[in-house]
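# Understanding the architecture of this molecule
These are the residues of each chain, in order.
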Amino acid sequence: MSVLIVTGGGRGIGAAVCRRAAARGYSVVINYASDEAAAERVRDDVVAAGGKAVAVAGDVSDEADVRRLFDGAAELGDLAGLVANAGVTGNTPGRLDEQDVRVVRRVLEVNVLGVFLCAREAVRRMSTRHGGQGGAIVTVSSTAAGRGSPGEWVHYAASKAAVDTLTYGLALEVAAEGVRVNAVAPGTVETGLHAAAGLPDRPRLRAPLIPMRRVGTPEEIAEGVLWLLSPDASYVTGAVLPISGGL
Ligand code: NAP
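Now for a look at the structure at hand. (Residues numbered from 1 in each chain as written. Predicted model: local features only at pLDDT ≥ 70, side-chain atom pairs only at ≥ 80, totals over all residues. Heavy atoms only, no water.)

### Things to note about the pattern of salt bridges
Put simply, the rule is: A pairing counts as a salt bridge when a side-chain nitrogen of Lys or Arg comes within 4 Å of a carboxyl oxygen of Asp or Glu. Starting at the N terminus, helices and strands are each numbered in turn, a helix being any DSSP run of H or I of at least four residues and a strand any DSSP run of E of at least two. Exposure is judged per residue with a 1.4 Å probe applied to protein chains only, and the accessible area is read against the type maximum: over 50% gives exposed, under 20% gives buried, and values in between give partly exposed.
Enumeration over the complete set of coordinates arrives at 19 salt bridges. Its salt-bridge partner being R106, residue D59 comes within 3.0 Å of it at the nearest N-O pair. Highlighted residues: D59 in the loop between β3 (52-57) and α3 (63-74) and R106 in helix α4 (residues 101-126), separated in sequence by 47 residues. For R106, a relative accessible area of 35% corresponds to the partly exposed category. When the shortest N-O distance is used, the salt bridge between R202 and E152 registers 2.8 Å.

As C-alpha cells, then:
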C-alpha cells in the first residue's frame, strides 16, 4: 500500500487531507505536534471507514523527530508522498515592529526548516537517485506569501514565500528523479488557526474581501492537495496552486 506522510495531520487542513487520502487508498501517517487526541480521532475515523492510518507525534523542526517519523513510516510500506502541511503563525498578530524575536524564530523554524527537513527525508527515500520508486511532495504555502500580511504577520507571510521558493527549486532538482514537488496556497480557510491567534472572527471579517465572498473549507484545500499527489497531475511540478476564492 502507498504510504503518505501528512505533517500537522491532526487538525484543520491536514486532517482533511488525511481523511481524503485514506479514502483514496493511501496508508496515512498522521503527524502531530502535541494534540494527541485530535490526531487519534482522525486515525479512528479513518480506520472505522475501512482505511489505514497511524498517528505519530513529532516536531517537524526537530531533525531527530523527522527522522523517526520517516523511519516509522518505512515500516508500513513504500513512501509514495509527503504533504508538508504543519505550519504556525506565532499567534501574536500585529505589526513587525511589535514582534518578539522568539516568536519569529519559531515561525521560521516550523514553517521553513520543518518543510526543508521533511522534504529532505522524503527525497532521500523517494528519488530514483537514492534507489527510490519516485513520488510526490505537496507543500502548504499561503496566499499570504504574495500579500505580505501587513499588520497581521509579515514574518509568517515571509516564511510562506520561502516555502514557495523551496518548492520551486526542489522541484527542478528532482524533476528527472521521479519526484514531483508542488505547493497549494490556501487563502483564508475555516480552521482553528485564527482562534489560536486570538482572532476567532478573522474568517468572518475577511469573507467580504474575497471575490467569492466566503472563506474556504479544509476539504476544498485537501482536494487540491490530493490532485497534485495523484497521477492526474503527472506533468505538474514546481507549481504553486492558489485555492483562495480568487484573492
Ligand atoms: P491548524 O488548524 O492550526 O493545524 C495546524 C497543525 O499543524 C496541527 O495539527 C498542529 O499539531 C500541527 N503543527 C504545528 N506545529 C507543528 C510542529 N512543530 N510539528 C508538527 N506539527 C505541527 O492550522 P491549519 O489552518 O490547518 O493550517 C495548516 C497549514 O495551512 C499551515 O501550514 C498554514 O500556514 C496553512 N494555511 C492556513 C490557512 C488558514 O486560513 N487556515 C491559510 C493559508 C495557509 P497539533 O494538532 O498537535 O497542535
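Next comes the rest of the account.
### Overview of empty space enclosed by the protein
Formally: Cavity means a closed set of points on a 1 Å grid over the protein atoms alone, one where a 1.4 Å probe fits but cannot get out, pocket means an open set with protein on both sides within 12 Å along at least 5 of 7 lines, and lining means a residue has an atom within 4 Å of a point. Grid points are joined across faces, edges and corners, and a volume is the space filled by probe spheres set on the points. Here the nonpolar group is Ala, Val, Leu, Ile, Met, Phe, Trp, Tyr, Cys and Pro; Asp, Glu, Lys and Arg are the charged ones; every other residue, Gly included, is treated as polar.
Across all of its chains, the model carries one cavity of 30 Å³ or more by this definition. What the largest cavity holds in volume is close to 30 Å³. Of the residues that constitute the lining of the largest cavity, the class distribution is two nonpolar, four polar and two charged.

### Describing the layout of surface pockets
Approximately 1,000 Å³ is the volume attributed to the largest pocket. Forming the boundary of the largest pocket are 45 residues, of which R11, A86, G87, V88 and L193 lie nearest the centre. Looking at the lining of the largest pocket, the elements that each hand over two or more residues are α1 (12-23), β2 (27-32), α4, α5 (144-147), α6 (154-174) and α7 (193-196). Take the lining of the largest pocket: its biggest share by element is four residues, from α4. Across the lining of the largest pocket, the residue classes tally to 18 nonpolar, 20 polar and seven charged. Here the second largest pocket is characterised by a volume of approximately 230 Å³.

### Regarding the site of the ligand
Defined as follows: By convention in this text, a residue qualifies as near a molecule or strand provided that one of its non-hydrogen atoms is within 4 Å of it. Definition of a polar contact: a pair of N or O atoms within 3.5 Å, with one able to donate and the other able to accept a hydrogen when the atoms are protein atoms, and with sequence-neighbouring residues admitted only if both atoms are side-chain atoms. Exposure was quantified through the Shrake-Rupley algorithm and a 1.4 Å probe, taking into account, for residues, occlusion by the shown protein chains and nothing else.
Close to the ligand lie 32 residues, the nearest being S34, D35, N85, Y156 and T191. Take D59: an N or O atom from its side chain is 2.9 Å from a nitrogen atom of the ligand. One nitrogen or oxygen atom from the side chain of K160 is found 2.8 Å from an oxygen atom belonging to the ligand. In the complex, the protein chains occlude 94% of the 900 Å² of accessible area that the ligand would expose alone. Going through the elements one at a time, α1, β2, α4, α6 and α7 are the ones with two or more residues in the shell around the ligand. Looking at the shell around the ligand residue by residue, the class counts come to 12 nonpolar, 15 polar and five charged.

### A look at the packing of aromatic side chains
Note the following rule: Side-chain rings of Phe, Tyr and Trp (the six-membered ring for Trp) are treated as a pair once their centres are within 6.5 Å; stacked means planes under 30 degrees apart, edge-to-face means over 60, and tilted covers the remaining angles.
What the rule picks out here adds up to one aromatic pair. With 5.8 Å between their ring centres and 65 degrees between their planes, W153 and Y156 make a pair best called edge-to-face. Taken individually, W153 and Y156 each receive the classification buried, so the pair is uniform in this respect.

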